[in-house]
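# Results of the structural survey
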Amino acid sequence: MYEETKHITARLQVLEFLMTQANLADLFRHTDILLFVLYAQNVAEGVTTQYKRMSEELDISFYVSFPFDEWLRKIQNWKEKLNKPEFLLEQDIAIGEGRALRLRSLMEKLCDRNAVTDDTAKLQYPYDKIASKPYHESIVDLEKAFDSLKTNLSNLAILPLKTSKEVRGKALREYLGNASRKESIQTELQDYQYFCRTKRNASVIRQLLYLKQRIKSLVGKDELAGLDLSESERNELLGGLKSIFEENEINPATKHIPANAQPWATDELFAKALFFVDLNAGQHFPVLNEDNIVDFLVRKDVTLSDGEEEHIQTLLLLMTAMCGQLEGTLKERFDNTATHSVDIQQRINRVLKKVEYYNARLLPCMAYGKTVADLNELFHRWFSTKIDVSLREPQVELLKLLEDGLDKIKMETYVHLLREAADLSLFKKATPFSDKLYEALSRVESREDEEFPIAGPSFNKYFRNPDFCNEDKWTEAAKVLRDVRSKMSEG
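Turning our eyes to something else, we now look at the overall build of the chain. Within the chain, the regular secondary structure consists of 23 helices and two strands. Counting across all 491 residues of the chain, residues that qualify as buried make up 43%. Pairs at least 24 apart in sequence give 79% of the contacts found in the chain among residues at least 6 apart.

Structure below.
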């Protein structure tokens, strides 16, 4: 595949040489313009051949270094040249017959080097057509050849977007497998193995510090300039680490940072490196996100030099090695379930206690076969330590939405969650639904009972909003609701 890459580049370079001469118009007049047409069409067909081969076996190395946009702009410029006055000549067939004879002679010699061409023989198809073709039609043919080349090159540029996930994954693994044999990359991996031999360096803090150092060294000179992340995307990637590691491991206190740990990557650069890993893969880090990596490497507006490409390859292979190193640490940690910190668990307990106080009033509204215990269990599921570790941060976001100071809950959020419980069929079917729930909650039977701190119209407003999960503040917390709902439907 590498040879094909060189061929297509060489063909385009020859075509560029032909199309950028100062005396181009004279060359068209006094040389067989058909040669230009044939060469342009030959390059277009070469790109088609490349497309067919890559449809079966994607070659990422070609896309990393091939400047699609640059060549597409050049082809467009060549097309525009043909519309300049010096190329718009009168119809001229004076050289047509001679051109056709020469072309026939050339083709016969290529087929049989001993062939003797009879110049007096009658021209046969397609040579008779070539002989009668006016000059201006050849210009049209050349323009069509450029159109074909531009279309084929554009199709080749977007080919990776059409390939299957399996083909893309296989191509990336082959690409990195070939890169792993480079001496410089082998040296990088050996250095990492040496670092890991020291027991204290196996800690998550030191592993992440080492990674930040290597990111700064390997891709800290604009190797990832083509990867443009918004502020929200950057924050989401950095926040995604919290589903795997503790805050003090991601941003350790100064006393836990070795003196030689700097310089390391900025948050912006670190986030760009995290774009290449899957932060939703459970108790694993870093698992390469093959789709994100391929998308970046094959983009036609991203072209890497040999050095930049090798640096990115090194970083990807280093993170793969780190995954193996951290696997044991994370497995042991998550085997003990995804527990929250003591502070978070205390806040959860306070909220659930208050929630259960109000839930107890809903017994008359429970569906047949359901009890208040089932409703309480649903709330406990949303805050369970046995939930997937990737949902720990969304659980905290749900907690923030629900808590309102010590021993209180935000009623808007509580009512929204009752809406979720209703969708899970925990309550009787009633009309109007919200009025029955409000009636049960607002009933006060003794002095010890608190007044329900919300008015009926507000309750109805909150309860009748089934799309509350689409609100921005629910983006993270809603992940917990969807996960629990999915597991309950499976069970």
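Here we come to the pattern of salt bridges. Applying the stated criterion across every chain, the model contains 21 salt bridges. Arg485 is the salt-bridge partner of Glu420, the closest N and O atoms lying 2.9 Å from each other. Placement of Glu420 in helix H20 (residues 411–423) and of Arg485 in helix H23 (residues 477–490) is noted, with a sequence separation of 65 residues between them. According to the relative accessible area criterion, Glu420 is buried, its value standing at 5%. Here Glu439 makes a salt bridge to Arg443, at a shortest N to O gap of 3.6 Å. Of the residues examined, Glu439 reaches a relative accessible area of 43% and is grouped as partly exposed. Judged by its relative accessible area of 37%, Arg443 falls in the partly exposed class. Ionic contacts of the salt-bridge type, sharing partners, join the residues Lys165, Arg168, Asp291 and Asp295 into one network.

So, on to the nonpolar core. Grouped together as the largest cluster of nonpolar side chains are 90 residues, with contacts concentrated most on Phe245 and Phe285. Membership of the second largest hydrophobic core comes to 47 residues, among which are Cys365, Leu399, Met411 and Leu437.

There is a patch of like negative charges on the surface, built from Asp228, Glu233, Glu236 and Glu268. Mapped onto the elements, Glu233 comes out in helix H12 (residues 231–240). The partly exposed category is assigned to Glu233, whose relative accessible area is 38%.

Summing up the model confidence of the chain, the mean pLDDT is 85 and the portion of residues at 70 or higher is 88%. Mean pLDDT per element in the chain: helix H2 (residues 24–30) is the minimum at 65, and helix H10 (residues 183–196) is the maximum at 95.

Here the focus is helix H21 (residues 433–442). Each turn of an α-helix holds 3.6 residues, which means side chains three or four residues apart point in the same direction. All of the buried residues along H21 are Phe433, Ser434, Leu437, Ala440 and Leu441. Angular distribution of buried residues about the axis of H21 spans 130 degrees; they occupy a single face of the element. At its buried positions, H21 is contacted by helix H17 (342–359), H20 and helix H22 (456–463).

Conventions adopted
Residues numbered from 1 in each chain as written. Predicted model: local features only at pLDDT ≥ 70, side-chain atom pairs only at ≥ 80, totals over all residues. Heavy atoms only, no water. Helix = DSSP H or I, 4+ residues; strand = E, 2+ residues; numbered from the N terminus. Buried < 20%, exposed > 50% of the residue type's maximum accessible area, 1.4 Å probe, protein only. Contact = heavy atoms within 4.5 Å. Salt bridge = Lys/Arg side-chain N within 4 Å of Asp/Glu carboxyl O. Core = buried A, V, L, I, M, F, W, Y, C linked by side-chain atoms within 4.5 Å. Patch = residues over 30% accessible without salt bridge, like charges linked within 9 Å, V, L, I, M, F, W, Y side chains within 5 Å. Areas by Shrake-Rupley, 256 points an atom, 1.4 Å probe, with all protein chains shown as cover. Lys, Arg positive; Asp, Glu negative; His and termini not counted. Charge placed at Lys NZ, Arg CZ, Asp CG, Glu CD. pLDDT = per-residue confidence, 0-100. Arc of directions from axis to C-beta.

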